[in-house]
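As a plain string of letters, each chain reads:
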Amino acid sequence: MNRTVEEILEYIEEEDAKFIRLAFRDAFGVQKNISIMPGEISKAFSEGIPINAKSIVGFCGYKVSNLYLRPDPSTLAVLPWRPDSGRVIRMFCDIYTPDGNIFEADTRAILKKAIKQADEAGVEFKFGSESEFYLFKKDDDGLPTKIPYDNAGYMDIAPLDRGENIRREICLTIEKMGLEPIRSHHERGPGQNEIDFHYGKPLKAADQMTTFKMAVQTIADRNGLYADFSPVPLSDNPGNGYHINVFAVDKEGNDVCEKAAAGILEKIRDITLFLNPSEDSYGRFGTSTAPDRVNWSGAGDKELIYISNYKDKVRVELRSPDALSNPYLTYALLIHAGLYGIKNDLELPEEMDPNGKLLPRSLKEASEIAMESEFIKSIVPKEIIDIYSRV
């Protein structure tokens, strides 16, 4: 729900909100926050709240110590698991330099810039997500184990599926926070679950994914479990994917999803480092149903991009990313790659193209490709490229 600053101030007073979490993210999309008291909220909107940039991954190369958080009032959400009396609310923030300029290494700012370029090109993008995670038991000391919460399989039901009530609690909780889950089910691996989201505008979709991961981890912990979004939690079982559905229309309302998909295929090797930022990410490729080649198909098997046409609506699903990726940076890169395909009127290659290249096989290979890519250099600040490349 969009709210004005004045409405936020009224809400804080009327709802007895005692703590306001100002949330932001580091270069890898890991959520950070600082809590302020209600008396500081007007200052947060007008001047910003300072943070020590030197201690944040991706910000440490900045020339001064302080950056400033300014909350986005449209992102207000109550944390439902906190007390009703003395409520805790959260808002996502944009980051500014001391002279009042946007901090260009903030990945939310990078996404906003990509959205602006898409608007100027007359193209609207939306993204939907299908995110997988494992639920593991904890030991007597409350530390995570690798013991799955259940031994159910794909779309099994209770009592085999013990995650049913956890998923229900997650969906009901995130609905209270303004998110829009549409499906949930047990996945192929033991203790593995999936929750899907409908298409949303890029900024909202990225905020939603960040909120979702926090909520899943919090609710799992409250139930004595550990939620694991990593690419390969169990070496002999399916990995966790973060499948992204891409929607694109031009200013005349024409569906240009296939053109965008062709652009993503063209640039996927350049951007893989940011969609798959850990060494374990590359251990997932080519296993179970995870892709390992640059190709597309309508079969819904192991292709990189799945394209279907149902009732004259094209559905494009990118299947290589994993949830360790930063959704702000991921969506920004997909917008730019999609625009590349649309502007150059690209056609899809042959379905399951036998000449399709392999995806990078390691973090090192993905880093080398990204560091040499003029496409990446035109979008991502050097400091972030270096951090992802472990330079």
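Higher on the page you've got the structure.
Computed from a predicted structure; not experimentally measured. (Residues numbered from 1 in each chain as written. Predicted model: local features only at pLDDT ≥ 70, side-chain atom pairs only at ≥ 80, totals over all residues. Heavy atoms only, no water.)

1. Brief notes about the overall build of the protein chain
Turning to step 1, where the next piece is worked out: The number of helices and strands found in the protein chain is eleven helices and 15 strands.
Turning to step 2, where the next piece is worked out: Over its C-alpha atoms the protein chain spans a radius of gyration of 21 Å, differing by no more than 12% from the 21 Å that the globule rule assigns to 391 residues.
Turning to step 3, where the next piece is worked out: Principal axes of the C-alpha set define a box for the protein chain whose edges measure 60 × 55 × 45 Å.
Turning to step 4, where the next piece is worked out: Residue burial in the protein chain is summarised as follows: out of 391 residues, 57% are buried.
Turning to step 5, where the next piece is worked out: Taking contacts inside the protein chain between residues at least 6 apart in sequence as the whole, the part at least 24 apart equals 69%. (Helix = DSSP H or I, 4+ residues; strand = E, 2+ residues; numbered from the N terminus. Rg over C-alpha atoms; globule rule 2.2 N^0.38 Å. Buried < 20%, exposed > 50% of the residue type's maximum accessible area, 1.4 Å probe, protein only. Contact = heavy atoms within 4.5 Å.)

2. A word on the environment of D141
Turning to step 1, where the next piece is worked out: Mapped onto the elements, D141 comes out in the loop between β7 (123-138) and β8 (144-148).
Turning to step 2, where the next piece is worked out: Residues D141 and G200, 59 residues apart in the sequence, show an inter-C-alpha distance of 40 Å.

3. Remarks on the pattern of salt bridges
Turning to step 1, where the next piece is worked out: On inspection of all chains with the given rule, the structure shows 22 salt bridges.
Turning to step 2, where the next piece is worked out: As a salt-bridge pair, D221 and K138 come within 2.3 Å of each other at their nearest N and O atoms. Separated by 83 residues along the polypeptide, D221 in helix α5 (residues 202-222) and K138 in strand β7 bring together distant segments of the chain.
Turning to step 3, where the next piece is worked out: With a shortest N-O distance of 3.8 Å, R269 and E365 are connected by a salt bridge. Of this pair, R269 sits in helix α6 (residues 257-275) while E365 sits in helix α9 (residues 363-372), and the two are 96 residues apart along the sequence.
Turning to step 4, where the next piece is worked out: Note on E365: relative accessible area 24%, which makes it partly exposed.
Turning to step 5, where the next piece is worked out: Salt bridges linked by common partners bring D72, D94, R108, K112 and D207 together as one network. (Salt bridge = Lys/Arg side-chain N within 4 Å of Asp/Glu carboxyl O.)

4. As for the packing of helix α3 (residues 107-120) against α5
Turning to step 1, where the next piece is worked out: At a closest axis distance of 10 Å, the pairing of α3 and α5 adopts a crossing angle of 155°. Here α5 runs roughly antiparallel to α3, going by the angle between their axes. As for the relative orientation of α3 and α5, their crossing is right-handed in sense. Note on element contacts: α5 touches α3 through P202, L203, A206 and D207, opposite R108, L111, K112 and I115.
Turning to step 2, where the next piece is worked out: Here the contact of α3 with α5 is composed, by residue class, of five nonpolar, no polar and three charged. (Axes fitted to C-alpha atoms, helices over the stretch in contact; angles between N-to-C directions. Parallel < 35°, antiparallel > 145°, perpendicular 65-115°, else oblique. Left-handed = near helix turned anticlockwise from the far one by under 90°. Nonpolar A, V, L, I, M, F, W, Y, C, P; charged D, E, K, R; others polar.)

5. Quick notes on a negative patch on the surface
Turning to step 1, where the next piece is worked out: Taken together, the side chains of E6, E7, E10, E13 and E14 make up a negatively charged region of the molecular surface.
Turning to step 2, where the next piece is worked out: We classify E13 as exposed; its relative accessible area is 70%. (Patch = residues over 30% accessible without salt bridge, like charges linked within 9 Å, V, L, I, M, F, W, Y side chains within 5 Å. Areas by Shrake-Rupley, 256 points an atom, 1.4 Å probe, with all protein chains shown as cover. Lys, Arg positive; Asp, Glu negative; His and termini not counted. Charge placed at Lys NZ, Arg CZ, Asp CG, Glu CD.)

6. Some words on the packing of helix α4 (residues 164-176) against α5
Turning to step 1, where the next piece is worked out: At their nearest, the axes of α4 and α5 sit 10 Å apart, and the two run at 135° to each other. Considered as vectors, α4 and α5 are oriented oblique to each other. Of the two elements, α4 crosses α5, and the hand of that crossing is right-handed. Residues E169, I170, T173 and I174 of α4 lie in contact with α5, whose contacting residues are F212, A215, V216 and I219.
Turning to step 2, where the next piece is worked out: Of the residues contributing to the contact of α4 with α5, the split by class is six nonpolar, one polar and one charged.

7. Let's talk about the pairing of strand β14 (residues 305-310)
Turning to step 1, where the next piece is worked out: Pairing between strand β13 (residues 296-297) and β14: two bridges, direction parallel. By the bridge assignment, S297 is partnered in β14 with Y306.
Turning to step 2, where the next piece is worked out: By the bridge criterion, six bridges tie β14 to strand β15 (residues 313-318) in an arrangement that is antiparallel. Looking across to β15, one finds that I305 is bridged to L318.
Turning to step 3, where the next piece is worked out: Where β14 hands over to β15, the hairpin turn is made up of two residues, of which K311 adopts a positive phi near 55°. (Pairing = 2+ DSSP bridges.)

8. Side note on the side chain of T330
Turning to step 1, where the next piece is worked out: In this structure, T330 sits in helix α8 (residues 327-343).
Turning to step 2, where the next piece is worked out: When neighbours within four sequence positions are excluded, T330 is seen to be in contact with I244, F274, L275 and S325.

9. Here's the deal with the packing of aromatic side chains
Turning to step 1, where the next piece is worked out: Under the criterion given, the structure shown has twelve aromatic pairs.
Turning to step 2, where the next piece is worked out: Summarising the aromatic geometry, the rings of F125 and F127 are spaced 6.4 Å apart at their centres and angled 15° between planes, so their arrangement reads as stacked. Like F127, F125 is buried.
Turning to step 3, where the next piece is worked out: An aromatic cluster of three or more residues is present, and its members are F133, F197, F212 and F229.
Turning to step 4, where the next piece is worked out: Taking the ring centre of Y96 as reference, the NZ or CZ of R70 above it sits at 4.4 Å.
Turning to step 5, where the next piece is worked out: In this structure, K213 is placed above the aromatic ring of F229, and the distance from its NZ or CZ to the ring centre is 5.7 Å. (Phe/Tyr/Trp six-rings, centres within 6.5 Å; stacked < 30°, edge-to-face > 60°. Lys NZ or Arg CZ within 6 Å of the ring centre and 35° of its normal.)

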